[in-house]
Amino acid sequence: MIIREQQKKIEALIGSRKAIIIFGARQVGKSTLLHTLFDNKENVLWLSGDDIDVQQLFDDMSSTRLRALLGNSRFLVIDEAQRIKDIGLRLKLVTDQIPEVQVIATGSSSFQLAKGVKESLTGRKREFRMFPITFKEMANHTNLLEEMRMIPHRMVYGYYPEVVTSPGEEREVLRELSSNYLYKDVLTLDNISKPDKIIKLLQALAYQIGEQVSYNEIGQLIGLDSKTIEKYVDILEKNFIIFRLPSFSRNLRNELKASRKIYFWDLGIRNAVIANFQQPENRLDTGALWENFAIAERLKHLNVQNSFANSWFWRTQQQREIDYLEESDGQLRATELKWNIKKANVKVPEAFAKAYPTATFNVVAPKNADTFLL
């Protein structure tokens, strides 16, 4: 079994008075992790927010009825808790009225679950973010050299657990996963009035990874206004399908100040959306795939490690650009991501070097990816 990095951190909180909230897209391994931690424990009540009767059960839940439901249980595990109406208040009821019971809840939509628990459980919860399997987790599972060799494969099929553990069946698994993404969570939200537009939006974003995204241009392309595009992008981000990388601007007048790039958390999903599973050596978007892969894995690594860092890209009006900037503890680090180029051939843009003389600069390609991803 592939050991997830969050396991020890969550395990250390079991038995505490803190509610444990685990966010992450469907099928990234949230339920598997919980079964690993709780299957051998007694007095655990398991519920699924996907079940209609569970949703109805919580509609009018009093503390008395909740105590009867829990019985001798010491742990209440609720999977896909975002499907339960007013879930934050329901979880607060448990933590307030039955403090001897610890709540563990998972959610595949921060749009729905986080909205409910942030105010209700302020100071009484610990939140964790789960992603598809990370480069580091796979390197720990096999070895670093093996995972370095697998980077081209991961750039095509991604890191979803079922994909990783189903060699030869990646395409079939991804077709099912991408349908779950599009229909079960995103398109069932009440404020998604045009589901066909969401699919077209995802396809448009998939073709623009590594490029600056204009909501106006995409809106004209698929027939929606820019405000609707921004709303849909926000929903897709809160459902862990994509993420936005903003532009960096401090010292130069000609730095882009309000631009953004949009990437996919998992390239298998991205490639499924556009039905393109060609190997990197045979496709035209290999550079963009590598850029998406490296940045997503870097952000996954920082999040799992609880590292405090801010991330951007940098570009000027004269088209001078750096793929990725990161700042932590006052140190600014610039990284250029190249699929197939010698490090000696890439230099830091002169304008950036003059404006930020204390920043470091590195070039990351697949052959030295471990320096960036671990």
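Data block above holds the structure.
Note that the coordinates shown come from a computational prediction; the quantities given were computed from them, not determined experimentally.

Analysis parameters
- All chains use their own residue numbering, which begins from 1 and follows the written sequence.
- In view of the model being predicted, local features appear only for residues whose pLDDT reaches at least 70, and side-chain atom pairs are presented and counted only at 80 or more, with totals across whole chains, interfaces and linings using the full set of residues.
- Side-chain metrics in this entry use all non-hydrogen atoms of the structure; hydrogen atoms and water are not considered.
- Here, nonpolar core means buried Ala, Val, Leu, Ile, Met, Phe, Trp, Tyr and Cys residues that are tied together by side-chain atoms lying within 4.5 Å of each other.
- Using a 1.4 Å probe on the protein chains alone, a residue whose accessible area is under 20% of its type maximum counts as buried, one over 50% counts as exposed, and one in between counts as partly exposed.
- Numbering of helices and strands runs from the N terminus; a helix is a DSSP stretch of H or I covering at least four residues, while a strand is a stretch of E covering at least two.
- Two strands are counted as paired when DSSP detects at least two bridges linking them.
- Whenever a helix is involved, its axis is fitted only over the stretch in contact; in every case the axis is a line through C-alpha atoms, and angles between N-to-C directions fall within 0 to 180 degrees.
- Two residues qualify as a contact provided that any one of their heavy atoms is within 4.5 Å of a heavy atom in the partner residue.
- By definition in this entry, angles of less than 35 degrees are roughly parallel, angles greater than 145 are roughly antiparallel, angles of 65 to 115 are roughly perpendicular, and the rest are oblique.
- Any residue outside Ala, Val, Leu, Ile, Met, Phe, Trp, Tyr, Cys, Pro, Asp, Glu, Lys and Arg is labelled polar, Gly included; the first ten of those are nonpolar and the last four are charged.
- Here a salt bridge means any side-chain nitrogen of Lys or Arg lying within 4 Å of a carboxyl oxygen belonging to Asp or Glu.
- Any pair of N or O atoms that falls within 3.5 Å is considered a polar contact. Within protein, one atom must be able to donate a hydrogen and the other to accept it, and sequence-neighbouring residues count only if both atoms are side-chain atoms.
- Note on aromatic contacts: the rings of Phe and Tyr and the six-membered ring of Trp form a pair at centre separations within 6.5 Å, being stacked when their planes are under 30 degrees apart, edge-to-face when over 60 apart, and tilted otherwise.
- Only Lys NZ and Arg CZ are tested; either one counts as a charge over a ring when it is within 6 Å of the ring centre and within 35 degrees of the ring normal.
- The directions considered for the arc run from the helix axis to the C-beta atoms.

Engineer: Which residues make up the nonpolar core, and what values do they have?
Structural biologist: Membership of the largest hydrophobic core comes to 108 residues, with the highest contact counts inside it found for L91, L201, L205, L236, I242 and W290. Counting residues per element, this core draws most heavily on helix α16 (residues 286–304), at 10 residues. Core analysis: the next-biggest nonpolar cluster, separate from the first, contains 11 residues, W312, W314, L332 and A359 among them.

Engineer: Tell me what's going on with the sheet that holds strand β1 (residues 19–23), and back it up with residues and numbers.
Structural biologist: Here we have five strands laid out as an open sheet, ordered β2-β3-β4-β1-β5, and parallel in their pairing. The open sheet terminates on both sides in strands that have one partner only, identified here as β2 (44–48) and β5 (125–129). Averaged over all pairs of adjacent strands, the angle between their axes in this sheet comes to 15 degrees, without regard to strand direction. As judged from the five bridges shared by β2 and strand β3 (residues 75–79), these two strands associate in the parallel manner. Counted as the bridge partner of S48 is D79 from β3. This element, helix α5 (residues 87–97), spans β1, β3 and β4 (102–107) of the sheet and lies at about 165 degrees to β4.

Engineer: Account for the environment of N40, with residues named and values stated.
Structural biologist: Relative to the assigned elements, N40 resides in the loop between α2 (30–38) and β2. Through-space distance from the C-alpha of N40 to that of Y263 is 39 Å; in sequence the pair is 223 residues apart.

Engineer: Describe in detail the packing of helix α4 (residues 63–70) against α5, supporting the description with residues and values.
Structural biologist: For the pair α4 and α5, interaxial distance at closest approach is 11 Å and the crossing angle is 80 degrees. What the angle tells us is that α4 and α5 run roughly perpendicular. Between α4, through S63, L66 and R67, and α5, the contact on the second element is made entirely by L93, V94 and Q97. Class assignment for the residues of the contact of α4 with α5 results in three nonpolar, two polar and one charged.

Engineer: Which residues make up the pattern of salt bridges, and what values do they have?
Structural biologist: Tallied over the full model, the rule gives 24 salt bridges. Close ionic contact of D50 with R26 constitutes a salt bridge, the shortest N to O distance being 3.0 Å. Placement of D50 in the loop between β2 and α3 (52–57) and of R26 in the loop between β1 and α2 is noted, with a sequence separation of 24 residues between them. The exposure class of R26 is buried, given its relative accessible area of 13%.

Engineer: Summarise the side chain of K261; cite the residues concerned and give the values.
Structural biologist: You can see K261 is positioned in strand β7 (residues 260–264). For K261, the side chain forms a polar contact with the side chain of E291, separated by 3.5 Å. Once you skip the residues sitting within four places of it in the chain, K261 turns out to touch G210, E211, Q212, F243, R244, L245, E291, F313, E321 and D323.

Engineer: Outline the packing of aromatic side chains, listing residues and values.
Structural biologist: Scanning the model with the defined rule gives 14 aromatic pairs in all. On the basis of an interplanar angle of 70 degrees and a centroid distance of 5.2 Å, the ring pair of W314 and F352 is categorised as edge-to-face. Here W314, found in strand β8 (residues 310–315), pairs with F352, found in helix α17 (residues 350–355); they are 38 residues apart in sequence, far enough to count as distant. W314 gets classed as buried once you look at its relative accessible area, which sits at 0%. By relative accessible area, F352 is classed as buried at 1%. An aromatic cluster is defined as three or more aromatic residues linked by ring pairs; in this entry it consists of F248, W312, W314, F352 and Y356. Taking NZ or CZ as reference, R260 lies 4.2 Å from the ring centre of Y215, over its face. The ring of F313 has K261 lying over it, and the distance from NZ or CZ to the ring centre is 4.8 Å.

Engineer: Let's hear about the pairing of β8: which residues, and what values?
Structural biologist: Each regular strand shows side chains that alternate between the opposite faces of the sheet. Burial analysis of β8 places five of its six residues in the buried class, which makes it a mostly covered element. In this sheet, strand β9 (residues 321–328) lies alongside β8 in antiparallel orientation, the contact comprising five bridges. For W312, the partnering residue across the bridge sits in β9 and is L325. Between β8 and β9, which pair antiparallel in sequence order, lie five residues; one of them, Q319, sits at a positive phi of approximately 70 degrees.

Engineer: Tell me about α5, and please be specific about residues and values.
Structural biologist: For α5, the full list of buried residues reads I87, G88, R90, L91, V94 and T95. Across the axial projection of α5, the buried residues extend over an arc of 165 degrees, all falling on one side.

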